[in-house]
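A closer look at the structure
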Amino acid sequence: MKKLNATIMIITVLAIFITGCSTKDKPTSTTEESGTMDSGKQDEEDINDADSKEQPEHIIRISDQELSIDAKNFAEDDFSITNELYEQMIFPNVTLPDDFTIEDVVIKKHGGIDWNYSSYVCSFQLLIGDKKQAIFSFGNDFDGAEDDESILINSKYSLQSGYLGWDEHIVLLSYDKKLGEICFDCTDYFNKSMIDYKFKNYSDASNFKVISAGITTFYLIYDKEDKKFIDTYSYGKDGITFVKRQRFKDDVVNIYESTNTIFLEYKNEDNRYVAICNKSFAVLDVIQLDRKIEIDSFKYNLERDEKCQLKFYAKKDDKLYEADIPINNNYSQLYSYTVLIDQDTSYNKMYEHHYIINEGYWIFDNSNNIKIYRLLDGNYNGVNYFLLDKGDIVKSNSEYDVCYMLKKPYNSVTRFMNIDDYYVGLDGNDEICYIDEEYKNRVVNSDFLGEKMSFNNIIFDSVNKTITYINKEEKAIYTINKDGKRKLDTIIPDEIWEDAYEEQYNNHLKMGYDEKGIGIIGYQILYYYDRTDKEWNTVKTEQEIRYNPDYGYTYTDMDSSYIFDTDKHIFKPYYINKSEIYNDMIVDDMLYVNIYSEYECEDVMEDTNHKVLESEYVPLETTNGNYRLSDYKMSDNHKVFKEYETNSLYSLGKDKWNEIISDPVRLYSISDKGVLYTGFEERSYLYYYNFNSGSTITLYDDSYVSDLELIGDYAYFRPVDDYVLNRINLENKMTESLKVENSRLQFEASNNYIAIDSKGNNNINIIDLIKFEIIDTIEGSDFKWDDDYLFYDCSGYLVKYDSSRKESIIMANITYPSIQAIHKDNIYFLICYDGPAPLEIMSVDKVYEFDESNTKADYYLLYNGTDYGAHLLIYDNNKKRLKPLEDAEKITYEVNGNVIRFKGDSYETKGKWQEIIVEEGANVKVIVPEY
């Protein structure tokens, strides 16, 4: 057998692991302060005994393979006590359900998640329970962090292990011993749906462990018939697929993993070794251990850009000890040393490099810090490409526990472009110059080297397996079909190119695609090429247009969401199903306010009727389970909440919460008789659920519904396609309509009135529900009802409107109040301006004091001037009516008897003088608030 020259470190654990921590009749010191373990006489005897054993000085044998060695001993002081626990939970404050025992902990330190309508990079934790449950948590893992979120996942099977995989997916492993079958339960991070993948031929298997293998593969390690096996599985959009089965050599007893490295523990007669391998099981180094060592783990200790250390942890008497292992890559001498049966022994020069990546900013090659020249792609849920200062390119997954050098030549690649779930390399001219070996069989393969793909904007049609892209020089749109054939779709007209190209930031073009056509997206304009009639269509909006591969072209305004109708070439209202986040909610007499505020005023801090909860939901703990609420409503005899993520409705029964509507609900309102609700997408019509019968009927399906309210025996709602307020009598199903011209699609309701504001101005229409007609119009915005009083903002003044008397009472001058909620005779509001908005509280009965004099005025001219602009209002003190006169950057005014003149100026233009005349002899008093 060929002998290999290798550097092998013999780690002999001294008497500290035999008697050093437990001997009572000799002085010892194992304090945390000392950092080392002192030994007595018995330790010296153990050392001598260990050293006297016959140890090969130049040759060792592992798995029937001989290796020449230069032995290196670890001295006693190389080990020290440590508080660090390798497998500790990074979110230790997770609330565990009853009877939940943690069997395994899976940690992912770097990952991306879409949450709260934003994308975040954070850490993940998966707790595997001993029964059929797991808990997934995500958040910041720094010391003292308490902002983690946790989701309970129920499985149909008893769980063995888990894996945090690709594209925001969780993999739970279970095992059916009777069938000899394993099952991978796959769900997303929010556990919206679960798919099972079952595989046979696992009879009498045990001790399952899942670890990462490659960018899109993982290893399943298990015991069977006193041997250790390792199966490779691939994963992606098509699910989980079995790749191959291999077996470790017979003397492998344990497998450990840390940051792109696998550690294999051997027991060979009285000798123990650890082979340090890369993720392809190429052996990089071998260390020898004293047989009395109880291995805990191996871990890379990364200290920013300074150094990379490999730590070995051993256990003794519930204490953890550590030692440093020098990082050596001896692959060139050990390449023929195999750890698997029938392992390929051919030499791979790339294995001479072993990379450890710290947080995506620092890369170590065999412990040497390597300068990163450029991050070619940073997809926290997928793949990263790093260009090193020597010209090598390193590829990694998002967790950095798989990373390796790409094959050369790189052909001057400057960036990698994502196509669906794979990448191609582009040069500085946007031409394809590099095909990643892992993706060589995809649609865009080596046949397309030299093809130009501009703007990093590729549309992949997952149904037809086609790719559509823009060629900037030709101003052309091309499509590649699944057979790799390219065809010209259309040439973009010059006028469209220039308009869309100028509108995009950084001279960029955005493109969308569907089966019927192709769209070039400007900021508030869509140029749509219909493949059927071969014509370009131009559609303008007042909001930014976005492209969503699942829904097409969309935009959102204050009223609704809109989606592009590719047949009629118009945008129509459409409500995409998404996670509904709670705003303000009263649960069991406690008000929850969802705001970001650095501080609260003193009155709010002393108030015990509310809680500020900056979260996507309000947690509800009950005896029959824990729930996450995004909305909560009560009638005299019923309580109904909407569940976060699923948007399902639950009603409180005699002793537990029962799901009454499983379809996703967007809006709902309840009475003692039933629930009025509307959903998302094709279920955005009006429905009514009857508490007594448990049945649901469709009340209205002529168009989608934008807003609704259930009051008494009437269902009030706004259809999206007309300026009307409709109401349906639930007894006879008769419908009435009230025209409300140029109004917004949302409204606020009390028991007797509805308020609807207008588009383009600050008019609020007050509708009497008994008469079912508009009885008054006031000027203001941002309003909420409390009984039959409407509280609203009018140019910086908080106002209380009495709907029965048609009078407005000024409560306070606040400068931009944003009303959050009204609860227990108090208004909770934010003061909005540049910077964090504080939460304030005020009694609903507060009245603004205009001045301290006893002189009664007929009119008050109210001037508000701040750094954020100026407002001029007039208040009729006799009729109790408030009217804004002018809003501008700067306002000039004068009062001459009963004539009031004013003008508003901006920084660029001067305004024109206007005037109003009040009755002769009226007393007009000017009020300028002090700040």
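The structure we're discussing is the one just above.
Presented here is an overview of the structure given in this document.

Cut-off values and rules
Residues numbered from 1 in each chain as written. Predicted model: local features only at pLDDT ≥ 70, side-chain atom pairs only at ≥ 80, totals over all residues. Heavy atoms only, no water. Helix = DSSP H or I, 4+ residues; strand = E, 2+ residues; numbered from the N terminus. Contact = heavy atoms within 4.5 Å. Areas by Shrake-Rupley, 256 points an atom, 1.4 Å probe, with all protein chains shown as cover. Buried < 20%, exposed > 50% of the residue type's maximum accessible area, 1.4 Å probe, protein only. Salt bridge = Lys/Arg side-chain N within 4 Å of Asp/Glu carboxyl O. Pairing = 2+ DSSP bridges. Axes fitted to C-alpha atoms, helices over the stretch in contact; angles between N-to-C directions. Core = buried A, V, L, I, M, F, W, Y, C linked by side-chain atoms within 4.5 Å.

This paragraph deals with the overall build of the chain. The helix and strand tally for the chain stands at 4 helices and 79 strands. Considering only intrachain contacts with a sequence separation of at least 6, the fraction spanning at least 24 residues in the chain is 44%. Carbon and sulfur atoms make up 42% of the accessible area of the chain, which amounts to about 44,700 Å² in all.

A cis amide bond, omega 5°, links Lys408 with the succeeding residue Pro409. Relative to the elements of secondary structure, Pro409 occurs in the loop between strand S30 (403-405) and strand S31 (415-419). With phi around 55°, Glu225 is a residue other than glycine that occupies positive phi space. Tracing the backbone shows Glu225 in the loop between strand S14 (217-224) and strand S15 (227-236). Note on Glu225: relative accessible area 60%, which makes it exposed.

Take the pattern of salt bridges next. A side chain with one charge can pair with a side chain of the opposite charge if their charged atoms come near. The tally for this structure, following the rule as stated, stands at 41 salt bridges. Where Arg744 meets Asp559, a salt bridge forms, and the shortest distance between an N and an O atom there is 3.3 Å. Linking Arg744 in the loop between strand S61 (735-739) and strand S62 (748-749) with Asp559 in the loop between strand S43 (552-556) and strand S44 (561-565), this pair joins segments that are 185 residues apart in sequence. In the salt-bridge network here, residues are joined through shared partners; they are Glu294, Asp296 and Lys315.

Okay, the sheet that holds S61 next. Pairing in this open sheet of 4 strands is antiparallel, and the strands run S58-S59-S60-S61 from one edge to the other. Unpaired on one side and paired on the other, strand S58 (705-711) and S61 mark the two borders of the sheet. The sheet shows a mean angle of 20° between the axes of neighbouring strands, taken without regard to direction. Bridge count for strand S59 (residues 714-719) against strand S60 (residues 724-729) is 4 bridges, and the pairing is antiparallel. For Ala715, the partnering residue across the bridge sits in S60 and is Ile728.

With that settled, consider the pairing of S44. When you tally the buried positions in S44, you get 5 out of 5 residues, the bulk of the element. Both S43 and S44 contribute to a ladder of 3 bridges, which runs antiparallel. In the sheet register, Thr554 faces S44, and the bridge partner there is Ile563. Hairpin connection from S43 to S44: 4 residues lie between these consecutive antiparallel strands.

As a further point, take the nonpolar core. Residues Tyr385, Ile393, Phe416, Val424 and Val444 are the most contacted members of the largest nonpolar core, which totals 42 residues. Not counting chain neighbours up to four residues away, the residues in contact with Val444 comprise Ile419, Tyr422, Val424, Ile432, Ile435, Tyr439, Met453, Ile467 and Ile480. In this structure, Trp785, Tyr801, Tyr848 and Ile927 belong to the second largest nonpolar core, which totals 24 residues.

Keep in mind these numbers describe shape, not what the thing actually does.
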